[in-house]
Amino acid sequence: WKGDAHAVRPFVYSEDGGQFVPAYQMIRTPEWKYVLYVDSGDELLFDMIRDPDECVNLADSPKHAHLREDLKSKLIAHLAQTVAPVLSHPAGPSS
């Protein structure tokens, strides 16, 4: 992020989950990190400038509600554009 005047992406998206880690989806900007846990709906929001070690979860902060909703909507929009059709249909590919 730092020093790159020609950054290509406004955010980075990631997901993980499995046997030992609860499934989650995440969106990260240079300033913020928002995480949404798939099964529980729990949310995390971190200020990556002031709190790079992710110690203070701001997801329930009324002061950050608008930011949380903005990042969440960007995450959902990204998922809608990138989820493979096979994965988005519970029955799998049609024959």
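Residues numbered from 1 in each chain as written. Predicted model: local features only at pLDDT ≥ 70, side-chain atom pairs only at ≥ 80, totals over all residues. Heavy atoms only, no water.

> Please give an account of unusual backbone geometry that cites residues and values.
For Glu54, which is not a glycine, the phi torsion comes out positive at approximately 55 degrees. With a relative accessible area of 29%, Glu54 lands in the partly exposed category. (Buried < 20%, exposed > 50% of the residue type's maximum accessible area, 1.4 Å probe, protein only.)

> Which residues make up the pairing of strand β2 (residues 24-28), and what values go with them?
Extensive coverage of β2 is indicated by the burial of 4 of its 5 residues. Where β2 lies against strand β3 (residues 32-37), 5 bridges are found, and the strand directions are antiparallel. Note on β3: the bridge partner recorded for Gln25 is Leu36. In sequence, β2 turns back onto β3 through a hairpin of 3 residues. (Helix = DSSP H or I, 4+ residues; strand = E, 2+ residues; numbered from the N terminus. Pairing = 2+ DSSP bridges.)

> Provide a residue-level description of the nonpolar core, including the pertinent values.
In this structure, Tyr13, Ile27, Trp32, Tyr34, Leu36, Leu45, Leu58, Ala59, Leu71, Leu75 and Leu79 together form the largest nonpolar core, which totals 11 residues. Elements supplying a minimum of two residues to this core: β3 and α1 (65-82). Not counting chain neighbours up to four residues away, the residues in contact with Leu79 comprise Tyr13 and Gln25. (Core = buried A, V, L, I, M, F, W, Y, C linked by side-chain atoms within 4.5 Å. Contact = heavy atoms within 4.5 Å.)

> If you had to explain the sheet that holds strand β4 (residues 43-47) to someone new, which residues and values would you point to?
Reading across from one edge, β1-β2-β3-β4 is the order of the 4 strands in this open sheet, with antiparallel pairing throughout. A strand with exactly one partner marks an edge of an open sheet, and here the two such strands are β1 (12-16) and β4. Sheet twist, expressed as the average angle between the axes of neighbouring strands with direction ignored, equals 15 degrees. Its contacts with the sheet place α1 against β1, β2, β3 and β4, and it is angled at close to 65 degrees to β3. (Axes fitted to C-alpha atoms, helices over the stretch in contact; angles between N-to-C directions.)

> Now, about α1: what can you tell me, with residues and values included?
Residues lying three or four places apart along an α-helix face the same way, a consequence of the helix completing one turn every 3.6 residues. The end-to-end C-alpha distance of α1, which contains 18 residues, comes to 26 Å, matching closely the 26 Å that a straight helix rising 1.5 Å per residue would cover. All of the buried residues in α1 are Arg68, Leu71, Leu75, His78 and Leu79. Projected onto a plane normal to the axis of α1, the buried residues spread over an arc of 100 degrees and lie on a single side. Opposite the packed face of α1, turned more than 90 degrees from it, sit the exposed residues His66, Ala80 and Gln81. Buried residues in α1 make contact with β1, β2, β3 and β4. (Expected span 1.5 Å × (residues − 1). Arc of directions from axis to C-beta.)

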